[in-house]
Amino acid sequence: MRGGGAFTVLLALAAGIALTFLALPIVALFTEVPLRRVPDLLRDPAVRDAIAVTVRTNAIANVLIVVVGTPVGYLLATRAFRGRTLAITLVELPLVLPPAVAGIGLLAAFGAGGLVGTRLNEAGIVIPFTQWAVVLAVTFVASPFYVRQAITAFEGVDRSLVDAARTLGASPARTFARISLPLATAGLLAGWVLAFARGVGEFGATIVFAGNVKGETQTLTLAIYEQLDANFDLALAIGILLVVLSGSVLLSYKMLSSWRRSSSTSPAPFARTSSMSG
Amino acid sequence: MGPSGAGKTTVLRAIAGLRAPDRGRIALGDDVWFDAAAKVDRPPEARSVGLVFQEYALFPHMTVRRNVGFGAGATGVDALLQRLGIAHLADERPGHLSGGERQRVALARALAREPGALLLDEPLSALDAHTRASVRAHLQDVLAQLALPTLIVTHDFRDATALADRVGVIVDGRLRQVATVAELVRHPRDAFVARFTGGNVLGGDARPLATGGAEVLLDGGTTVRSAETGKGRVGVAGYPWEIEVATAPPAANGVNAIGGAIDGLDPEGDRVRVRVGELVAECDAREAERLGLRRGDRAWLVFGPESARLVGAA
């Protein structure tokens, strides 16, 4: 690089500080507990229960998010109707809502004596402090990550391709399945990665709405919280597990997106790994 | 044919069912696709129409064969690819094709359903100048073989002359004139049509002559004669290929001549367009060379009264 020496030093300094700050907690996780003890620690029944709860609840929540969120994203991206802006705002609300508020809101809605909770109770359905409460909490806080990305992905599909499919005799449903969906896949996948990461990391709404019951509603993040006083090394080990999970999800997404970049029209939510060429 | 923003594409979209007009009726023969009064509005997939989009709108995630075979009831895909000379591209993706190849694929895709009508939206505008001529010729051959009602939208008069039997000139959503190319040139209805078909239009004031025809005092000060009669404010429309270039004022009486310095000399193929003021004439390149035409030289543009058509005020 030519010229602007002092300015470049300033930029490098800022980058150095930021990167150190971001890397420090991750490095600390791996250095504060001897790594060879981690497999043993993770065999603890409390951890195994938490893994089971996390996997089960997140699997259901992710299916709900993708199955319901995809058509919602398509509708909001492709149709103009009254109240569309309001609908999008509502979809985005959980992004900025404090998770604890989401938790208490869910409690007020589905809890005993709540808005719909009373009726559910009469029908013999109890949601708060069960695994279904975890599922609802995760779905509530994580869905906007997917739906927002789905809207962007569907908006990115060239409108004339959809029109072309229609004039070629394809019904709206077939056009969606054969044109819009395949072309939006990369964007949808990116949205799902974000939603998945947010769901696995869910804490605030879950602890308020579902409590922290071991083997029932205690997810990995809640287990970290419980083990802070009881067994700090165990908490660290769970932390390592989650870092590895998040890291590999992000990395596999990036590899996937660079692999299929050529055939996709969706914008990428993460920076591309090889964008510095030229 | 019309300038951009005239509503050409909107007409095609309305016919294809991608846009509902406020009023009117669209039918192919006895098959009514749209009728505002009768509340008929068939969806695009229920209209027997093939639409070729301006940028071709090929599906990027499908091979050429699957693009062409996408249409409901698409038959004889490989035979069609063969006929359009793109069989060797069957397994390629659109991203790897040239503009001319894409155009053929889009055409094949629109034809695969055996539609009752074919719509082409600016079929040549996405191409660069040197592929344009060959694709135009190819399209001409294909359309001639098809014997299918075809509606082509273009802003280029040359595309219209090459491809169309009848031309409608549309401006601001209204049809100004519908006629054959020859008829458009012979009797342009107004100044816009005359200009759009390549003509010069000069403003002036007309006075009918007792001997027939009219005399027009042009805004530039010259008086010209027209074989057509007219009165008051008019436009005099003349086509470049009907105007001769001379280096001396014509001796013959009864012909029109507008003299002045040559402002522009634009070669176009084996022709040269010579501009004097607002008026453009076209002559053979060899003729231009023989006359020794140069920018700034004095020249006379000569045309007969029958080449000075009177149109509505410019």
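Higher on the page you've got the structure.
Here the structure is a predicted model, which is why all the values come from computation and not from measurement.

**A few points about the overall build of chain A**
Each helix and strand counted, chain A has 12 helices and zero strands in total. N-terminal to C-terminal, the α/β element order of chain A is α-α-α-α-α-α-α-α-α-α-α-α. Referenced to the eigenvectors of the C-alpha coordinate spread, the extents of chain A come out at roughly 70 × 65 × 30 Å. When burial is assessed residue by residue, chain A has 38% of its 278 residues classed as buried. Sequence-distant contacts in chain A: of pairs separated by 6 or more residues, those separated by 24 or more amount to 72%. In chain A, 21 side chains carry a positive charge and 14 a negative one; their mean positions are 14 Å apart.

**Overview of the interface of chain B and chain A**
Counting residues at the interface gives 22 residues for chain B, matched by 17 residues for chain A. In total, about 1700 Å² of surface goes out of reach between chain B and chain A, with carbon and sulfur atoms giving 66% of it. Its largest share of buried area at the contact with chain A, chain B owes to Glu45, His61 and Phe70 of chain B, together 35% of the area lost on that side. Linking chain B with chain A are two salt bridges, by the criterion used here. Here chain B and chain A share five residue pairs in polar contact (both at pLDDT 80 or more) between them.

**Some remarks on the pattern of salt bridges**
What the rule picks out here adds up to 29 salt bridges over all chains. The partner of Arg148 of chain A in a salt bridge is Glu92 of chain A, with the nearest N and O atoms 3.2 Å apart. Linking Arg148 of chain A in helix α7 (residues 131–155) with Glu92 of chain A in helix α4 (residues 84–96), this pair joins segments that are 56 residues apart in sequence. Note on Arg148 of chain A: relative accessible area 39%, which makes it partly exposed. Exposure remark for Glu92 of chain A: the relative accessible area of 28% places this residue in the partly exposed category. A salt bridge links Asp219 of chain B to Arg233 of chain B; the shortest N-O distance between them is 2.9 Å. Taken together, the residues span a long stretch of sequence, with Asp219 of chain B in the loop between β10 (214–218) and β11 (223–226) and Arg233 of chain B in strand β12 (residues 232–238) at a distance of 14 residues. Its relative accessible area of 43% is what places Arg233 of chain B among the partly exposed residues. In the salt-bridge network here, residues are joined through shared partners; they are Arg132, Arg136, Asp156 and Asp159 of chain B.

The rules we used
- Per chain, residue numbering runs from 1 following the sequence as it is written.
- Chains and ligands are labelled sequentially in the order written, the chains with letters from A and the ligands with numbers from 1.
- A pLDDT threshold of at least 70 governs which residues receive local features in this predicted model, and a stricter bar of 80 or more applies before side-chain atom pairs are shown or counted, although totals over entire chains, interfaces and linings include all residues.
- For side-chain calculations, the full set of non-hydrogen atoms in the structure is used, while hydrogens and water are omitted.
- For the purposes of this entry, the term helix denotes a DSSP run of H or I that reaches at least four residues, the term strand denotes a run of E that reaches at least two, and both are numbered from the N terminus.
- For every residue, the accessible area obtained with a 1.4 Å probe (protein chains only) is divided by the maximum for its type, and the residue is called buried under 20%, exposed over 50%, and partly exposed between those limits.
- Whether two residues are in contact is decided by their heavy atoms, any of which lying within 4.5 Å being enough.
- Note on charges: Lys and Arg go in the positive column, Asp and Glu in the negative column, and His and the chain ends are not counted at all.
- Charge placement uses NZ in Lys and CZ in Arg. For Asp and Glu, CG and CD serve respectively.
- As a working definition, buried area equals the accessible area (1.4 Å probe) given up by two parts on being put together, with both sides summed.
- The salt bridge definition used is simple: a Lys or Arg side-chain nitrogen within 4 Å of an Asp or Glu carboxyl oxygen.
- Counting of polar contacts relies on pairs of N or O atoms within 3.5 Å, with two restrictions inside protein: one atom must be capable of donating a hydrogen and the other of accepting it, and residues adjacent in sequence are counted only when both atoms are side-chain atoms.

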